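The primary structure of each chain is shown beneath.
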Amino acid sequence: MNVIWKLPDGSEISAQLSDGTNMMEAAVANNVPNVIGECGGSLACATCHVYVDAAWSSKTGAAGEFEDAMLDATEAERGPTSRLSCQILASQALDGLTLIVPKV
């Protein structure tokens, strides 16, 4: 599947991912700025915060209880489509997914 990260400066980074890869791991592997993933995807930080493009938010689903609590601790302002990218897994259903990297 293909994913696109839109950066605060208007540029984009895209990558081809295997099913099951989480978006935080993919962002780190593709040097996406401002997606750090300090906790390695264990829901113990909010350093992989992204905004899901509105066209994709219903397909990625809502944040779970623990993710929702962590989203209250993001450095950039939380928005209606905020997610922790470690909780979004690559799948063919998400081919073309667009994630917006917040400005921090």
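Before reading on, note that the structure itself is shown above.
Residues numbered from 1 in each chain as written. Predicted model: local features only at pLDDT ≥ 70, side-chain atom pairs only at ≥ 80, totals over all residues. Heavy atoms only, no water.

I would appreciate a short explanation of the pattern of salt bridges in the present structure.
For the structure shown, the criterion picks out three salt bridges. With a shortest N-O distance of 2.7 Å, arginine 78 and aspartate 72 are connected by a salt bridge. Several salt bridges share partner residues, and in doing so they unite Asp68, Asp72 and Arg78 into one network. (Salt bridge = Lys/Arg side-chain N within 4 Å of Asp/Glu carboxyl O.)

Looking at this structure, I do not really get the environment of isoleucine 4. What am I missing?
The residue isoleucine 4 is located in strand β1 (residues 2–6) in this model. With 10 residues separating them in the primary sequence, isoleucine 4 and serine 14 have C-alpha atoms 4.3 Å apart. Discounting chain neighbours no more than four positions away, the residues touching isoleucine 4 are Glu12, Ile13, Ser14, Leu97, Thr98 and Leu99. (Helix = DSSP H or I, 4+ residues; strand = E, 2+ residues; numbered from the N terminus. Contact = heavy atoms within 4.5 Å.)

Would you take a moment to explain the pairing of strand β2 (residues 12–16) for this structure?
As a general feature of sheets, a regular strand has side chains that alternate between the two faces. A one-sided burial pattern is seen for β2, the buried positions being Ile13 and Ala15 and the unburied ones Glu12, Ser14 and Gln16. Of the strand pairs in this sheet, β1 and β2 are connected by five bridges, and their pairing is antiparallel. Looking across to β2, one finds that tryptophan 5 is bridged to isoleucine 13. Between β1 and β2, which follow one another and run antiparallel, lie five residues, and glycine 10 among them has a positive phi close to 95°. (Buried < 20%, exposed > 50% of the residue type's maximum accessible area, 1.4 Å probe, protein only. Pairing = 2+ DSSP bridges.)

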